[in-house]
There are 4 protein chains.
Amino acid sequence: MFDKQVILAIIKAMFTYTTKVRLHDTDAAGIIFFANQFKFIHDAYEELLEKKFAQGFQAILKGTRYFQPIVHAESDFKAPVFAGDKLAITVKLHSIGKTSFSLEYTLKRAKTLVGTAKTVHVTVDQKTRKKIPLPSNLRRSLISISK
Amino acid sequence: MFDKQVILAIIKAMFTYTTKVRLHDTDAAGIIFFANQFKFIHDAYEELLEKKFAQGFQAILKGTRYFQPIVHAESDFKAPVFAGDKLAITVKLHSIGKTSFSLEYTLKRAKTLVGTAKTVHVTVDQKTRKKIPLPSNLRRSLISISK
Amino acid sequence: MFDKQVILAIIKAMFTYTTKVRLHDTDAAGIIFFANQFKFIHDAYEELLEKKFAQGFQAILKGTRYFQPIVHAESDFKAPVFAGDKLAITVKLHSIGKTSFSLEYTLKRAKTLVGTAKTVHVTVDQKTRKKIPLPSNLRRSLISISK
Amino acid sequence: MFDKQVILAIIKAMFTYTTKVRLHDTDAAGIIFFANQFKFIHDAYEELLEKKFAQGFQAILKGTRYFQPIVHAESDFKAPVFAGDKLAITVKLHSIGKTSFSLEYTLKRAKTLVGTAKTVHVTVDQKTRKKIPLPSNLRRSLISISK
C-alpha cells in the first residue's frame, strides 16, 4: 500500500502536457514521421519551463549567461500515432549531475502508451563555450519534478 | 449601429483556434520561418473540421469518395512572431463555388494582427481525379462560417 | 525567331535549384503537405543567394545592417508531388522597387509543372526597424536574374 | 597495416549522403533544432534505399506485403550545426536480426564530427501487423553495408 502523502507528492511532481497530432506531423506512411515525436517532447519541455519553472522560452533565448543544448536524445515508438490523435506527454527528471540533467517522457493516447523518450541537456557558458554548473534555481525546479 | 441579432450571428459564425508558437517553428533569424504560418492556418482548419463540422481528419483521410487539395495559398506577414507567442487564428468562409471554396484567416497575438492568409480548396473525385460538386453537408457547414 | 544573344541572356539569367522530396515533406494524404512547397522555394532562394549572389545565409544572419523579411508569399499547386520526386525550381526576379523585391518560382518534375510561387521581400534597418533602400549590390544581383 | 582488399571492401560498403542545412532546419537558438538531425539521417536512409538498394520510397510505400517502422532512434550531438553547413552522412549496418535491423550514422561537416545516430527498424506484416522475417533481398542489401 502507498502512503497517501507519497502519492500526493508524486502527483504534484508530475508535469503533463497535452497536444493534438496535426496532418503535417504525419507522412505518406499514414502515421507520424518518427522525428516528430522529438518535436512533441520538446514542446512539452517548453511548456514545462514556462508553466512550472516560470521561464518562457523567449526569456531563455535572450538570456546572456548560458545555454543548454541537448547532447543526447532517444525515443522508443510503441504504437502508431495518427493525425487527430490527442497525446498526453508526461515529463519527469531522470537524473541530475553537476552540469547536466536528463529528462524522461512518456507519450500516451488515452490509456495507450505510444512512446517513451529521453533527453540529456548540458549547461554551457555563452562566452567560454565550456560546461558550467547548473544554475541553482533551475536545479531546484528540476528536483521538483523528480519521481 | 449594429443590430444585436446581426452581431450575435457574426459571433456565432466565427471560428477561432488558439495555439502557441514553439521553438521548432522559429528559425535562426529569431522569428517563425514564414512557411510555418501556413502550418498554423492548416492546424486551425483541421480544428474547424473536427470541432465545428464534426469531421475528424482521420475520417477524412479514410474517406473514399473525394479529396480536397489546396490549390492556392497565400499569406501576408504583418508583425514578427516569436517562440512562446500565443496566437488566435480566426477562420471564415471567403467564397464558395460549385466545386471549390476559399477560406480566409487572421492571426493575432493579443490585439496585434500578425498575419492574414487565404486558402482555396477544390473537391476532386478519388477515382476519376476530376472536379466534382462540393458535398451538400460540407456546403452547409461552410456557409455557417461565412461572414 | 529569337535572337541568339537574347536566348543566351535568358539562359544566363535563369537560376535553377534541384532537390528531392523526402518522406517528411509528405503527409498522410500521400502527397507533400502544401506548406512544404514554401520550404522548397526558400531552399532555392538560399541556394541562389549563395551560388549566384555569393552570400551564404550564415553571413546574412550575422550581418548587422538590415534584414529582409518575407512580407507576402503565395503558391499555386498544379499537380500532386510524392516522396522521391525530383524537383527543379527556377527562380526569377518578378519585380523590384525602392525598398522591396519580388521573386517568382516555377517547380517542375521532369516536364510537368507541379507548382508556381511568389515571395515579396522588404529591406528593414536592423536598428530602426524601418524600411530602407535595397543595398545596391543586391539590386545588381537581383537584376541579373530578371527575365 | 591494413590489407588493401580490406580497405577496398570497407570503402565499397560505405554509403555517404551529402546535404545542406537550410534556414528552416534551424531555430531561434541559431543552430539546427535537435529533432532535425533525425530528419537528416532519414533522408540519408531514403537515399541509401534508392541508390544502393534500388528501392525508391514511393515503391516501398505502395508495397503491400510489409512495412518497417522505426521502433527506436537515438542521436548524440557533438558540435553545433548552422544554416548553410554542408553535411556528409555515412550510413552503416549496426546489427541485423531475424525480423529487425539497426543502422548507425555519422554526420560530419568537413572533418568535424557533428553527430552520431542510430535507428532500429522492424519488419511488420501489413495484414497481420505481426513481426515477420526480413525479406531476403533486403537482408543481402543490408549486409552489403556492414563494416
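Here we summarise the structure given alongside this text. Numbering of residues starts from 1 in each chain and follows the order in which that chain's sequence is written. For naming, the first written chain is A and the first written ligand is 1, with later ones following in the order written. Totals for whole chains, interfaces and linings use every residue, but because this is a predicted model, local features are given only for residues with pLDDT of at least 70 and side-chain atom pairs only at 80 or more, for both listing and counting. Excluded from the side-chain calculations are hydrogens and water; all other atoms, namely the structure's heavy atoms, are used.

### Side note on the overall build of chain A
In plain terms, the rule: Secondary structure elements are taken from DSSP: a helix is a run of H or I of four residues or more, a strand is a run of E of two residues or more, and numbering for both begins at the N terminus. Burial here depends on accessible area, computed with a 1.4 Å probe over protein chains only, as a share of the maximum for the residue type. Under 20% is buried, over 50% is exposed, and the range in between is partly exposed. Any pair of residues with heavy atoms lying within 4.5 Å of one another is described as a contacting pair. For the area figures, the Shrake-Rupley method with a 1.4 Å probe applies, and any residue is considered shielded solely by the protein chains shown. Neither His nor the chain termini are counted; the positive set is Lys and Arg, and the negative set is Asp and Glu. Here the site of a charge means atom NZ of a Lys, CZ of an Arg, CG of an Asp or CD of a Glu.
Within chain A, the regular secondary structure consists of four helices and seven strands. Put simply, chain A runs from its N terminus to its C terminus through helices and strands in the order α-β-α-α-β-β-β-β-β-β-α. Across its three principal axes, chain A shows a C-alpha extent of roughly 45 × 45 × 25 Å. Taken over 147 residues, chain A has a buried fraction of 51%. In chain A, once contacts between residues fewer than 6 apart in sequence are set aside, the share between residues at least 24 apart is 65%. Total accessible area on chain A stands at roughly 7,200 Å², and carbon and sulfur atoms take up 57% of it. Computing the positive centroid from 24 side-chain charges and the negative centroid from 12, chain A places the two 7 Å apart.

### Brief notes about the sheet that holds strand 4 (residues 86–96) of chain B
This is how it is decided: Any two strands between which DSSP finds at least two bridges are classified as paired. Axis geometry follows a simple rule: fit a line to the C-alpha atoms, using only the stretch in contact for helices, then measure angles between N-to-C directions, giving values from 0 to 180 degrees.
A sheet is described by the order of its strands in space; here ten strands give the open sequence 1(B)-4(B)-5(B)-6(B)-3(B)-3(C)-6(C)-5(C)-4(C)-1(C), paired in antiparallel fashion. One side of each edge strand has no neighbouring strand; the edge strands of this open sheet are strand 1 (15–20) of chain B together with strand 1 (15–20) of chain C. With direction set aside, neighbouring strand axes in the sheet form an average angle of 20°. In terms of strand pairing, strand 5 (residues 100–109) of chain B meets strand 6 (residues 112–122) of chain B through ten bridges, oriented antiparallel. In the sheet register, L107 of chain B faces strand 6 of chain B, and the bridge partner there is G115 of chain B.

### A few points about the pairing of strand 4 of chain B
All names here are of chain B. Pairing of strand 1 with strand 4 involves six bridges; the strand directions are antiparallel. Its bridge partner lying in strand 4, T16 is registered against T90. Between the antiparallel neighbours strand 4 and strand 5 lie three residues.

### Remarks on the interface of chain B and chain C
Selection rule: Note on definitions: buried area is the accessible-area loss of two parts on being combined, 1.4 Å probe, summed for both. Salt bridges are defined as contacts in which a side-chain nitrogen from Lys or Arg sits within 4 Å of a carboxyl oxygen from Asp or Glu. Polar contact is the term for a pair of N or O atoms within 3.5 Å; when the atoms are in protein, one must be able to donate a hydrogen and the other to accept it, and sequence-neighboring residues count only if both atoms are side-chain atoms. As a working rule, the residues Ala, Val, Leu, Ile, Met, Phe, Trp, Tyr, Cys and Pro are called nonpolar, Asp, Glu, Lys and Arg charged, and the rest polar, with Gly in that last group.
Contacts between chain B and chain C engage 18 residues on the former and 18 residues on the latter. Ranking the residues of chain B by area buried against chain C places F34, F38 and F77 of chain B at the top, with a combined share of 27%. If you look at where chain B meets chain C, you find zero salt bridges. Applying the counting criterion to the chain B and chain C interface returns eight residue pairs in polar contact (both at pLDDT 80 or more). For the side of chain B that touches chain C, the secondary structure elements donating two or more residues are helix 2 (35–51) and strand 3 (70–77) of chain B. Sort the elements by how many residues they give to the side of chain B that touches chain C and strand 3 of chain B lands first, with eight residues. Split into classes, the residues belonging to the side of chain B that touches chain C amount to eleven nonpolar, four polar and three charged. Where strand 3 of chain B and strand 3 (residues 70–77) of chain C come together, five bridges link them in antiparallel fashion. Residue pairing across strands places E74 of chain B opposite E74 of chain C, the latter belonging to strand 3 of chain C.

### Regarding helix 2 of chain B
Selection criterion: Each helix should span, by expectation, one fewer than its residue count multiplied by 1.5 Å.
With 17 residues, helix 2 of chain B extends 25 Å from end C-alpha to end C-alpha; this agrees with the ideal 24 Å at 1.5 Å per step. Most of helix 2 of chain B is tucked away: 15 of the 17 residues are buried.

### Concerning the relation of the copies chain D and chain A
For clarity, the threshold we go by: The copies are overlaid by a least-squares fit using only the C-alpha atoms of residues whose pLDDT is at least 70 in both copies.
Expressed as a screw transformation, the operator carrying chain D onto chain A has a rotation angle of 180° and an axial translation of 0.0 Å, and the superposed copies differ by an RMSD of 0.0 Å. Seen this way, the second copy is the image of the first under a two-fold rotation axis. Taking C-alpha positions as reference, the residue of chain D nearest the rotation axis is E74 of chain D, located at 2.0 Å. In this assembly the copies share their binding face: 100% of the residues contributing to the interface of chain D also contribute to that of chain A.

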